[in-house]
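Listed here are the chains, written in short residue letters.
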Amino acid sequence: MVVGKMKLTFQKRVKLAQYLWMLSWFATLGGAVTFTLGCFLKTELRRRGEVMDNTDIHCVPNTLMIVGLASMGINYFASRICQDALDPGRFPRWKTFLKPFFGCSVFFTTLMLISVILSYAMKGSLETSLKIGLKNGIRFYKDTDTPGRCFQKQTIDRLQMEFQCCGNSNYRDWFEVQWISNRYLDFSSKEVKDRIKSNVDGRYLIDGVPFSCCNPSSPRPCIQYRITNNTAHYNYEHQTEELNLFIRGCREALVYYYMGLMNTIGAVVLSVFLLQCSVLASVRLLQTSMEAVAGQENVEVDSEGYLLEKGVKETFMEYVDPVLKLLWMNQVTPPEAKAEAGAS
Amino acid sequence: MALMKVKFDLKKRVKLAQMLWLMYWFSIMAGVLVFSMGLFFKIELRKRSELMDNNESHFVPNILIGVGLLACFLSASGGKICYDSLDSTKFVKWKSIVKPFLICCLFFNILLIVTAAMCFAMRIPLEFTLAEGLKNGMKYYKDTDTPGRCYMKRTLDLMQMEFRCCGNNNYKDWFEIQWVSNRYLDFSSKGVKDRISSNVDGKYLMDGVPFSCCNPSSPRPCIQQQITNNSAHYSYDHYTEELNIWKRGCRDALVSYYGGMMNTIGILVLMVTLLHIAVMIGLQYVNTSLSTLVNPEDPESESEGWILEKTVKETFTDIMAKMKAMGKGNQVDEGANEEAAATVS
């Protein structure tokens, strides 16, 4: 049962080859764009790598980069094939190359689609990674004298200012952590001693946040200490004071930013995927229609082109069988050896 | 004796015309670049117009935009002329226009050099505008309820964070103005009343700065209030505490930012000037080589090209004489008219 049968006149074949040549150059450009987008996404993820706990999310840009490079190669060969297609003398040398070429192309094109799906599916993993990373960042904020953590304060401050966010889920995360180093606390003062005694772990907890949580759009100078104490500040009601600090949590801000980035990239990669599919289908049609007229005296006759000679399942098995045979050959031989040993 | 005479045969003429056509394409792109630089500079000035006293001069970016457009137009015309120069029949229609066109190009190149000089010189008026604008900006920092000034606080805060600076000359400028609005001061409290009565104008002055002056690279949480009071904070000496708040003044920061931008643009304009001078000389060679064919009928004959027909000095005296003759011509006419009028009356 043939899939996608089409009758092609000589003129149609020539036109197909010409359009295919232009299309394949556009698709090469698309592959380059995919690669660039993958690099860009990887760079952006690395920039904030300090507040991420694991690098699972990096599989998306890595896949994009691989697929971009593969796509450039596939489309380059596609353009060469269609250049030689109309010349019956030069076309036969591609014969042996075409089967593995199609196998690889279909594999990488499917990978392109998978990368787009991944970019949406990895949202949960990204959120978890950010949750843990930010929690650690806030915990180690005060450790500016510990090697390996001395830039945590700077990272978190710049992050909060740039993304206009405060804390992990919201600003109250800062109330639960001691973010002022012991080096700057006067342990002889009564106030410090009271606070340290007031909790089990002996931490200096305050209802205050770092300056990087301050919102510049606030009409009044920033209130960052004694936030929940209405009487500590004149004309201040902390439940209604909206603009004083950033309301949004940094986890939400970062997830929103990265999802926006990946949505845009996903849309672009999807259109490159469609372009790539059409290139592959056209190459297949051209190849089959040229094979039908191969060896004939007059090459200007009509011919039939098709996408798949057999059905989808049968073609799939045809490609997968050699691979499986290679993998199972190790397992098949020992039982045979046993049977021989048993016989002898 | 002509200036820089060169002998041309057909091959050389064709090569010159082709190279010149390519260079004209580059100069069109250069013109577009100058135009976009002028536009970018204008946008950057407008972005911070609130801090520049709102009367900053947009003269330089406007000139850049105009010059860029003019460069594109002149380069396109020049390219068309030298494209047609390869075909003697097409070139005939341009023959009369080429000389005035070259004089236009000469004036345009002088304009380019003047523009570049202005780019470098604009730093000085900009510094004065910024000093005035920042001083006012800081004065209106607290007026977030006054229409027309309600975004001054936000603008200043964002600018101090972006340019990593504090105050006009340095952070002490904040000590001399009241940057906390009266709406947020408890006038019944003793602290507030003391501060207000401590100065002539009755302003609430304190040795504190807004949060936007804080340096994130500081190892300790930001100290923005009671900065000069060492005993108010544990283990703190305000003379040796380097990283707490930004040390640089915003005027310095902004002037160096805009100065750098203008230097780059000025250097770019100078390079574009060199390109235009080169194409002008090339076009002069094309023109003179085509008008001095040994055998006018045969396009393959040899010819000579030069930059100036006579030496520089002689050309200069010629031009002066022409101008004097033109000036005297008017006087002679007037004299004749007066005589005619006298005889009639």
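Rules used throughout
- Residues numbered from 1 in each chain as written.
- Chains lettered and ligands numbered in written order.
- Predicted model: local features only at pLDDT ≥ 70, side-chain atom pairs only at ≥ 80, totals over all residues.
- Heavy atoms only, no water.
- Helix = DSSP H or I, 4+ residues; strand = E, 2+ residues; numbered from the N terminus.
- Rg over C-alpha atoms; globule rule 2.2 N^0.38 Å.
- Contact = heavy atoms within 4.5 Å.
- Areas by Shrake-Rupley, 256 points an atom, 1.4 Å probe, with all protein chains shown as cover.
- Lys, Arg positive; Asp, Glu negative; His and termini not counted.
- Charge placed at Lys NZ, Arg CZ, Asp CG, Glu CD.
- Salt bridge = Lys/Arg side-chain N within 4 Å of Asp/Glu carboxyl O.
- Buried < 20%, exposed > 50% of the residue type's maximum accessible area, 1.4 Å probe, protein only.
- Polar contact = N/O pair within 3.5 Å; in protein donor to acceptor, adjacent residues only side chain to side chain.
- Buried area = accessible area lost by both parts, 1.4 Å probe.
- Nonpolar A, V, L, I, M, F, W, Y, C, P; charged D, E, K, R; others polar.
- Core = buried A, V, L, I, M, F, W, Y, C linked by side-chain atoms within 4.5 Å.
- UniProt positions renumbered as here; feature names shortened; annotations may be inferred.
- Disulfide = S-S within 2.5 Å.
- Phe/Tyr/Trp six-rings, centres within 6.5 Å; stacked < 30°, edge-to-face > 60°.
- Lys NZ or Arg CZ within 6 Å of the ring centre and 35° of its normal.
- 1 Å grid on protein atoms, 1.4 Å probe; cavity = no way out; pocket = protein on both sides within 12 Å on 5 of 7 lines; lining within 4 Å.
- Points joined across faces, edges and corners; volume = space filled by probe spheres on them.

Before going further, it helps to spend a moment on the overall build of chain B. For chain B, the count of helices and strands is nine helices and two strands. When the elements of chain B are put in sequence order from the N terminus, they spell out β-α-α-α-α-α-α-α-α-β-α. Here the C-alpha radius of gyration of chain B, 32 Å, is well above what a compact globule of 345 residues would show, namely 20 Å. Its C-alpha atoms give chain B principal-axis dimensions of roughly 100 × 70 × 35 Å. Across chain B, the fraction of contacts at a sequence separation of at least 24, relative to all contacts at a separation of at least 6, is 71%. When the accessible surface of chain B is totalled, it reaches about 19,100 Å², and 63% of it is carbon and sulfur. For chain B, the distance from the average site of its 38 positive side-chain charges to the average site of its 35 negative ones is 3 Å.

Below, the discussion takes up the pattern of salt bridges. Residues and elements named next belong to chain A. As enumerated under the stated definition, the model contains 22 salt bridges over all chains in all. Of the charged contacts in the structure, one is a salt bridge between Glu162 and Arg47, with a shortest N-O distance of 3.8 Å. One end of the pair, Glu162, is in helix α5 (residues 152–163); the other, Arg47, is in helix α1 (residues 10–47), with 115 residues separating them in the sequence. The class for Glu162 is partly exposed, based on a relative accessible area of 47%. The exposure class of Arg47 is partly exposed, given its relative accessible area of 48%. Taken together, the shared-partner salt bridges connect Glu44, Arg47, Arg48 and Glu162 into one network.

Next up on the list: the environment of Lys190 of chain B. All names here are of chain B. Of note, Lys190 is situated in helix α7 (residues 190–197). Sequence separation between Lys190 and Glu56 is 134 residues, and the spatial gap between their C-alpha atoms is 44 Å. One polar contact links Lys190 to Asp194, side chain to side chain, over a distance of 2.8 Å.

The next subject is the interface of chain A and chain B. Opposite the 26 residues of chain A that make contact, chain B presents 26 residues. Across the chain A/chain B interface, buried area totals approximately 2,400 Å², and carbon plus sulfur atoms make up 64% of it. Across the chain A-chain B interface, the total number found is zero salt bridges. Linking chain A with chain B are eight residue pairs in polar contact (both at pLDDT 80 or more). Broken down by class, the residue content of the side of chain A that touches chain B amounts to 13 nonpolar, seven polar and six charged.

So, about the side chain of Thr129 of chain B. Residues and elements named next belong to chain B. Within the fold, Thr129 resides in helix α5 (residues 123–139). Since its relative accessible area comes to 16%, Thr129 is described here as buried. At 2.7 Å, the side chain of Thr129 forms a polar contact with the backbone oxygen of Pro125.

Right, let's talk about the nonpolar core for a bit. Generally speaking, nonpolar side chains in soluble globular proteins are found buried as a group. Ranked by internal contacts, the top residues of the largest apolar core, which has 133 residues, are Trp174 and Val209 of chain A together with Phe41, Met159, Trp174 and Val209 of chain B. Here this core takes 16 residues from helix α8 (residues 250–291) of chain B, the largest share from any one element. Once you skip the residues sitting within four places of it in the chain, Met159 of chain B turns out to touch Leu51, Leu134, Arg164, Cys165, Cys250 and Leu254 of chain B. Counting 22 residues, the second largest nonpolar core, distinct from the first, contains Ala17, Cys82, Trp94 and Val283 of chain A.

Attention shifts here to the UniProt feature "transmembrane region" (unreviewed entry) in chain B. Sequence positions flagged by UniProt for "transmembrane region" (unreviewed entry) are, in local numbering, residues 21–43, 63–81, 101–124 and 265–286 of chain B. Counted over residues 101–124 of chain B, helix gives 96% and strand 0%. Its end C-alpha atoms are 36 Å apart.

What follows deals with the state of the cysteines. Residues and elements named next belong to chain B. One pass over the full model with this rule turns up six disulfides over all chains. The residue that forms a disulfide with Cys165 is Cys250, at a sulfur-sulfur distance of 2.1 Å. Because the sign of the S-S torsion sets the handedness, a value of about 90° for the bond joining Cys165 and Cys250 places this disulfide among the right-handed ones. On the criterion of sequence distance, the pair formed by Cys165 in the loop between α6 (152–163) and α7 and Cys250 in helix α8 is long-range, its members being 85 residues apart.

In this section: the UniProt feature "transmembrane region" (unreviewed entry) in chain A. Residue and element names in this part refer to chain A. Those places that UniProt annotates as "transmembrane region" (unreviewed entry) correspond, in this numbering, to residues 20–41, 62–78, 98–121 and 255–275. Helix makes up 100% of residues 20–41 and strand 0%, whereas the separation of the span's terminal C-alpha atoms amounts to 31 Å. With 100% helix and 0% strand, the stretch residues 62–78 has end C-alpha atoms that lie 24 Å from each other.

Further remarks concern the packing of aromatic side chains. Evaluated as defined, the whole model comprises 23 aromatic pairs over all chains. Ring centres 5.1 Å apart and planes at 70° place the aromatic pair Tyr141 of chain B and Trp174 of chain B in the edge-to-face group. Of this pair, Tyr141 of chain B sits in the loop between α5 and α6 while Trp174 of chain B sits in the loop between α6 and α7, and the two are 33 residues apart along the sequence. The class for Tyr141 of chain B is buried, based on a relative accessible area of 2%. Measuring from centroid to centroid gives 5.2 Å for Phe163 of chain B and Tyr257 of chain B, while their planes differ by 75°, and the two rings are edge-to-face. With Phe163 of chain B in helix α6 and Tyr257 of chain B in helix α8, this residue pair connects regions lying 94 residues apart in the sequence. The class for Tyr257 of chain B is partly exposed, based on a relative accessible area of 31%. One aromatic cluster in this structure is built from Tyr76, Phe77, Trp94, Phe97, Phe101 and Phe102 of chain A. The residue whose ring lies beneath Arg195 of chain A is Tyr204 of chain A, and the NZ or CZ to ring-centre distance is 6.0 Å. The ring of Tyr204 of chain B carries the charged tip of Arg195 of chain B above its face, separated from the ring centre by 5.9 Å.

Volume-wise, the largest pocket comes out at about 1,600 Å³. Surrounding the largest pocket, 45 residues form its lining, Tyr225, Arg226 and His233 of chain A together with Gln225 and Gln226 of chain B being those nearest its centre. By volume, the second largest pocket is sized at about 1,200 Å³. Those elements that place two or more of their residues in the lining of the second largest pocket are α4 (95–121), α8 and α9 (312–344) of chain B. Here the lining of the second largest pocket is composed, by residue class, of 17 nonpolar, six polar and five charged.

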